Amino acid sequence: MIQPNLKSHSRPVLRDRFRRAGLPAWRADQVLSWIYGRGVEDLHEMTDLPATLRDELAANWSVRALETERVQISRDGTRKFVLRAPDGATVEAVLIPEERRNTLCVSTQVGCPLACSFCATGALGFTRNLSAGEIIDQVLRAREALDQGETLTNIVYMGMGEPLLNWPAVAESIRILTDPKTLAMAPRRITVSTSGIVPRIRPLLELGPVNLAISLHATTDAVRDELVPLNRRYPLDELLGALRSDDLISRKRPVFFEYTLMQGINDSLDDARRLPRLLRGIPSKLNLIPMNPHADSPIQPPSRAVCDAFAAAAHAGGLRITLRRNRGGDIDAACGQLAARGAGAGAGRGIRIPLSAEA
Ligand code: SAH
Ligand code: SF4
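To start, this report covers the structure provided alongside it. (Residues numbered from 1 in each chain as written. Chains lettered and ligands numbered in written order. Predicted model: local features only at pLDDT ≥ 70, side-chain atom pairs only at ≥ 80, totals over all residues. Heavy atoms only, no water.)

### Section: the site of ligand 2
Turning to step 1, where the next piece is worked out: Taken together, Cys112, Leu114, Ala115, Cys116, Cys119, Gly122, Gly161 and Ser195 are the residues near ligand 2.
Turning to step 2, where the next piece is worked out: When the residues that make up the shell around ligand 2 are grouped by side-chain class, the tally is 5 nonpolar, 3 polar and no charged. (Near = heavy atom within 4 Å. Nonpolar A, V, L, I, M, F, W, Y, C, P; charged D, E, K, R; others polar.)

### A few points about the packing of aromatic side chains
Turning to step 1, where the next piece is worked out: Counted by the stated rule, this structure contains 1 aromatic pair.
Turning to step 2, where the next piece is worked out: Above the ring of Trp34, the side-chain terminus of Arg38 is found at 3.7 Å from the ring centroid. (Phe/Tyr/Trp six-rings, centres within 6.5 Å; stacked < 30°, edge-to-face > 60°. Lys NZ or Arg CZ within 6 Å of the ring centre and 35° of its normal.)

### Re the pairing of strand β8 (residues 190-194)
Turning to step 1, where the next piece is worked out: Summarising burial for β8: 5 of the 5 residues are buried, a large majority.
Turning to step 2, where the next piece is worked out: Side-chain alternation along β8 places Ile190, Val192 and Thr194 on one buried face and Thr191 and Ser193 on a second face that is also buried.
Turning to step 3, where the next piece is worked out: Where β8 and strand β9 (residues 211-215) come together, 4 bridges link them in parallel fashion. Across the sheet, the residue bridging to Thr194 is Ile214, located in β9. (Buried < 20%, exposed > 50% of the residue type's maximum accessible area, 1.4 Å probe, protein only. Helix = DSSP H or I, 4+ residues; strand = E, 2+ residues; numbered from the N terminus. Pairing = 2+ DSSP bridges.)

### Remarks on the packing of helix α5 (residues 132-145) against helix α6 (residues 167-178)
Turning to step 1, where the next piece is worked out: At a minimum axis separation of 8 Å, α5 and α6 run at an interaxial angle of 45 degrees. In this view, α5 runs oblique relative to α6, as classed from their interaxial angle. Crossing of α5 against α6: the hand is right-handed. Counted together, Ala132, Ile135, Ile136 and Val139 of α5 and Ala169, Val170, Glu172, Ser173, Ile176 and Leu177 of α6 form the full contact between these two elements.
Turning to step 2, where the next piece is worked out: Looking at side-chain class alone, the contact of α5 with α6 contains 8 nonpolar, 1 polar and 1 charged residues. (Axes fitted to C-alpha atoms, helices over the stretch in contact; angles between N-to-C directions. Parallel < 35°, antiparallel > 145°, perpendicular 65-115°, else oblique. Left-handed = near helix turned anticlockwise from the far one by under 90°. Contact = heavy atoms within 4.5 Å.)

### A short note on the site of ligand 1
Turning to step 1, where the next piece is worked out: Gly161, Ser193, Ser215, His217 and Asn292 are the nearest of the 19 residues found near ligand 1.
Turning to step 2, where the next piece is worked out: Contact distances for ligand 1 include 2.7 Å between an oxygen atom and a side-chain N or O atom of Ser193.
Turning to step 3, where the next piece is worked out: Between a nitrogen atom of ligand 1 and a side-chain N or O atom of Thr260, the distance comes to 3.1 Å.
Turning to step 4, where the next piece is worked out: For ligand 1, the protein covers 96% of the area, taking 530 Å² as the surface of the free molecule.
Turning to step 5, where the next piece is worked out: Looking at the shell around ligand 1, the elements that each hand over two or more residues are β8 and β10 (255-261). (Polar contact = N/O pair within 3.5 Å; in protein donor to acceptor, adjacent residues only side chain to side chain. Areas by Shrake-Rupley, 256 points an atom, 1.4 Å probe, with all protein chains shown as cover.)

Structural data, given as structure tokens:
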């Protein structure tokens, strides 16, 4: 049996678990400060715990959720961590160093059930959800690999999987990341990207002032239905309507829209001109990402000139835009290229898990 992991619970939950096991709740804080403060993952090394307690904890809990299998380093400095869970599942996380920040892109599922037509992860099918501990361990494995004095400044939930289809674990991982007594990350340094699971957007934003990114990719339902099949469940009107509600707008934080530019599919000037109209009333920033080609899709990126013209037309309509460079393409670490094919991945393309509103 795989033991439950100490990193899968936020501090209040773990305190409660300890209390119910007849232990003082502050023992949970002590254990967590070893794990997150000192990076100690062997319970037997937690020397200020009584030896009997160390044994008891070691018998019932695991600490390490993921082992580093290999690290691939791109010519541009992007590093892909290929990590392995005890059940053999492979999990990928990507570290993107920039001048003034180090961003880690974390995965939330092994594969993804949503099967977007342009995404390598979608082509894998869905194997399983990651636990909160497995999400947090991506952060810890990457943190260990940083040079001294360097820190992870930003976390983006943009790796493999749809975060809002693994809501309880994703929510718990955000609580752990942002707890001042564990990883102490400011919520505004965290971005969660979703293809548009509408009923879970509000609960996400209620966790705190985290950033929301929406994978838009099209300006009409006809095209989005083909690219992001989830659109048939939550069409553009419903998705954008939810983002226009007063209390979301009063957060005074922009919504980041991701728009992957695909040659001949969504890259016309008509699309570019429709975008500002579509997003009217939503404080928005548009991230344009030229398609990262991969073996599972025939779709290609438009030429640089087409990308520039698209960006200029959308900007002329009043949108704030960034045209992103692709990073890590040489090691299959760019957006949509994560497709670990280790044991445990690759089962059952087309498995659909229910998309109902309940968390
Ligand atoms: N499932 C979530 C988060 C992970 S995907 C989501 O879809 O939002 C992270 C981003 O990469 C999404 O915007 C996704 O649409 C985009 N993406 C997927 N495949 C891509 C590709 N081949 N090229 C460029 N971007 C891609
Ligand atoms: Fe899943 Fe996101 Fe890829 Fe779509 S783009 S298949 S939601 S990981």
